[in-house]
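# Results of the structural survey
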2 protein chains.
Amino acid sequence: MNTLAEENYLKAIYHLSLNDVNVSTNQIAAALNTKAASVTDMLKKLADKELINYEKYQGVTLTYTGEKIALHIIRKHRLWEYFLVEKLHFKWDEVHEMAEEMEHISSVELIDRLDKFMDYPKHDPHGDPIPDRDGNFKKHELTPIASLNVNESGVISGVRDHSPTFLQYLEKQQLVIGKKIKVTDIIEYDNSMILQVENITTHISREVAKNLLIAI
Amino acid sequence: MNTLAEENYLKAIYHLSLNDVNVSTNQIAAALNTKAASVTDMLKKLADKELINYEKYQGVTLTYTGEKIALHIIRKHRLWEYFLVEKLHFKWDEVHEMAEEMEHISSVELIDRLDKFMDYPKHDPHGDPIPDRDGNFKKHELTPIASLNVNESGVISGVRDHSPTFLQYLEKQQLVIGKKIKVTDIIEYDNSMILQVENITTHISREVAKNLLIAI
DNA sequence: ATTTATTTTTAGACAAGTCTAAATTTTTTG
DNA sequence: CAAAAAATTTAGACTTGTCTAAAAATAAAT
Ligand SMILES: [Mn+2]
Ligand SMILES: [Mn+2]
Ligand SMILES: [Mn+2]
Ligand SMILES: [Mn+2]
């Protein structure tokens, strides 16, 4: 159907589209660790297949079909991540690279059965929503802890940075999905925040606060 | 590490090596649905990497390293087949094509945990042995039902033909792994065989008898 | 509104893997 | 054992996806 490279481009374009309506050649190149010239070549191919809308120098958007394909790959990625954590007991910082390979397994029946096997999980280990087989999902409105004021609270529900180092740090601080937190103080000097995480008090930098998301 | 194409060649050579010490270019081409010229190109590459012993016009054998890699791919293939049947409830004739893709997922830790998750199965859904992480397995000595005489019996433990049509036929006749069978008669005219499978009497052709394996 | 800087595209090349057609080697056979 | 047949390798070409370097277009800045 589509090659591995094409799938990776579609997925990257989808993710970049969440921040910008039109996605630029250079953004894609950066996301895929490749060069702008290579991206241009691929954009032509994807446009020929009518998976993206592409006008020279103007950046791209996904077509309806392109978005469906991207969402299906993301569905597979997140279901496999859930499987790896819930069934094989990997930690949340260990699964992304494996899922990058597994998301390209083509069988639709397989992924639907995997979904059922795990009882239709709604979110992956990082709190990201898992699209259903039609590509639909509820996008939960999350805010960074950084946007809270003193005495406000919420439940940790997602991360903005998926890097293993960040995830490992969070785990060590017990700042994991589902934990209820409350901002008890904000240090004026560097805007760092003091959190109450259940019984524990934790001090996090502004940087961390920006990348840790909560539902209020 | 190795490309998808290289892995498929190594696996094909391994399987063909079970029947012939030296594997020929044409045999590999047939097994992989490709052309002899393409095979020659790849054999040079695999020889450069010291994964096969190759002398022009003489056919190939796997090196120690080449065989280890082949066995690791086969381990992954069979563990995923087991997973698909035992956990996702696919039928034994449905899983091979999916496993052809899944066998290339690279993580060793993943496959070891999958192995543990399923409690270290020894055979895949078709009765083929699953190598352990070091590539070791007990090769069970199986014989085709065709080699039995009247009144001899055994337990169905493997198949020589893995095609969906054959597997579907066997399932319909209840001739599945683990069933005890006894040869009650052999028809002289066409060498077909009458079997007692638990309470049922079944009549199978010589062709089927040759491709259905039992442990005695 | 030009000039400069940045982004994007084009041109040309390369590696992997495949193919067809032709040349070579091995095997078979009369 | 020489001629024919079969198997294998080489030569040259093509596709996919990538790259560098140069050209063209767009955006930013004086
Ligand atoms: Mn991920
Ligand atoms: Mn995730
Ligand atoms: Mn199989
Ligand atoms: Mn099998």
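Residues numbered from 1 in each chain as written. Chains lettered and ligands numbered in written order. Predicted model: local features only at pLDDT ≥ 70, side-chain atom pairs only at ≥ 80, totals over all residues. Heavy atoms only, no water.

- In the annotation of an unreviewed UniProt entry, the entry for chain A reads Transcriptional regulator MntR, and the organism field reads Mucilaginibacter corticis.
- Database annotation for chain A, UniProt heading Sequence similarities (unreviewed entry): "Belongs to the DtxR/MntR family." (UniProt positions renumbered as here; feature names shortened; annotations may be inferred.)

## As for the protein's contact with DNA strand D
- Around DNA strand D there are 20 residues in total, and Thr3(A), Thr34(A), Lys45(A), Tyr54(B) and Lys56(B) lie nearest to it.
- Here, DNA strand D places atoms within 4 Å of the protein, and 77% of those atoms are sugar or phosphate.
- In the model, a phosphate oxygen of DNA strand D is placed 2.9 Å from a nitrogen or oxygen of the Tyr57(B) main chain.
- Put simply, the parts of the chain that give the surface near DNA strand D at least two residues each are α1 (4-17) and α3 (36-48) of chain A together with α2 (25-32) and α3 (36-48) of chain B.
- In the surface near DNA strand D, the residues fall into 8 nonpolar, 7 polar and 5 charged. (Near = heavy atom within 4 Å. Polar contact = N/O pair within 3.5 Å; in protein donor to acceptor, adjacent residues only side chain to side chain. Helix = DSSP H or I, 4+ residues; strand = E, 2+ residues; numbered from the N terminus. Nonpolar A, V, L, I, M, F, W, Y, C, P; charged D, E, K, R; others polar.)

## So, the sheet that holds strand β8 (residues 212-215) of chain A
Residue and element names in this part refer to chain A.
- Strand order in this open sheet of 6 strands is β3-β8-β4-β5-β6-β7, and the pairing throughout is antiparallel. The sheet terminates laterally at β3 (143-144) and β7 (200-204), the two strands that pair on one side only.
- In terms of strand pairing, strand β4 (residues 153-159) meets strand β5 (residues 180-186) through 3 bridges, oriented antiparallel. Note on β5: the bridge partner recorded for Ser153 is Lys182.
- Packed onto the sheet, helix α7 (residues 164-172) meets β4, β7 and β8 and runs at close to 150° relative to β4. (Pairing = 2+ DSSP bridges. Contact = heavy atoms within 4.5 Å. Axes fitted to C-alpha atoms, helices over the stretch in contact; angles between N-to-C directions.)

## Focus: the coordination of the manganese ion (ligand 2)
Residues and elements named next belong to chain A.
- Here the manganese ion (ligand 2) is held by the protein donor atoms Glu81 (OE), Asp124 (OD) and His126 (ND1), which lie 2.1 to 2.3 Å from it.
- The manganese ion (ligand 1) is placed at 3.5 Å from the manganese ion (ligand 2), the two being bridged by Glu81. A single burial state applies to Asp124 and to His126, both of which are buried. (Donors = N, O, S within 2.8 Å, 3.2 Å for Na, K, Ca; no water. Buried < 20%, exposed > 50% of the residue type's maximum accessible area, 1.4 Å probe, protein only.)

## Quick notes on the interface of chain A and chain B
- With 20 residues of chain A at the contact, the number on the chain B side is 20 residues.
- For the pairing of chain A and chain B, the buried interface totals around 1600 Å² over both sides, and the portion due to carbon and sulfur atoms is 73%.
- For the chain A face of the interface with chain B, the top three residues by lost area are Leu88(A), Glu101(A) and Arg113(A), together amounting to 31%.
- Connecting chain A to chain B are 0 salt bridges.
- Listed by contribution, the elements that provide at least two residues to the side of chain A that touches chain B are α4 (64-86), α5 (96-102) and α6 (108-117) of chain A.
- If you tally residues by element for the side of chain A that touches chain B, the top one is α6(A), at 5 residues. (Buried area = accessible area lost by both parts, 1.4 Å probe. Salt bridge = Lys/Arg side-chain N within 4 Å of Asp/Glu carboxyl O.)

## A few points about the relation of the copies chain A and chain B
- Superposition record for chain A on chain B: RMSD 0.0 Å, screw rotation 180°, translation along axis 0.0 Å. Those values place the two copies in the arrangement expected of a two-fold rotation axis. Measuring from the rotation axis to each C-alpha of chain A, the shortest distance belongs to Met102(A), at 3.8 Å.
- Take the interface residues of chain A: 100% of them recur as interface residues in chain B, which is what a same-surface contact looks like. (Least-squares fit on C-alpha atoms with pLDDT ≥ 70 in both.)

## Quick notes on the protein's contact with DNA strand C
- Close to DNA strand C lie 21 residues; Tyr54(A), Lys56(A), Thr3(B), Thr34(B) and Lys45(B) are nearest.
- Between Thr34(B) and DNA strand C, the recorded distance is 2.5 Å, taken from a side-chain N or O atom to a phosphate oxygen.
- Separating a phosphate oxygen of DNA strand C from a side-chain N or O atom of Ser38(B) is a distance of 2.7 Å.
- When residues of the surface near DNA strand C are traced back to their parent elements, those giving at least two are α2 (25-32) and α3 of chain A together with α1 (4-17) and α3 of chain B.
- Tallied by class, the residues present in the surface near DNA strand C amount to 9 nonpolar, 7 polar and 5 charged.

## Looking at the coordination of the manganese ion (ligand 1)
All names here are of chain A.
- Coordination of the manganese ion (ligand 1) by the protein is provided by His77 (NE2), Glu81 (OE) and His96 (ND1), with metal-donor distances spanning 2.0 to 2.1 Å.
- Judged by relative accessible area, which is 7%, His77 ranks as buried.
- Assessed through its relative accessible area of 31%, His96 is described here as partly exposed.

## What to know about unusual backbone geometry
- Backbone geometry at Asn151(A) places phi at a positive 80°, although glycine is not the residue there.
- The topology assignment puts Asn151(A) in the loop between β3 and β4.
- Asn151(A) gets classed as exposed once you look at its relative accessible area, which sits at 54%.
- In this structure, Asn33(B) takes a positive phi of about 55° despite not being glycine.
- Take Asn33(B): it is sitting in the loop between α2 and α3.
- Residue Asn33(B) is classed as exposed on the basis of its relative accessible area of 75%.

## Digging into the pattern of salt bridges
Residue and element names in this part refer to chain B.
- For the coordinates displayed, the defined rule picks out 15 salt bridges over all chains.
- Measuring nitrogen to oxygen at the nearest pair gives 2.9 Å for the salt bridge that ties Lys49 to Glu6. Taken together, the residues span a long stretch of sequence, with Lys49 in the loop between α3 and β1 (52-54) and Glu6 in helix α1 at a distance of 43 residues.
- Judged by relative accessible area, Lys49 falls into the partly exposed class, the value being 37%.
- Take Glu6: its relative accessible area is 3%, and that puts it in the buried class.
- Measuring nitrogen to oxygen at the nearest pair gives 2.8 Å for the salt bridge that ties Glu109 to Arg113. Of the two residues, Glu109 and Arg113 are both situated in helix α6 (residues 108-117); the distance of 4 residues between them amounts to about one turn of the helix.
- You can call Glu109 partly exposed: its relative accessible area is 39%.

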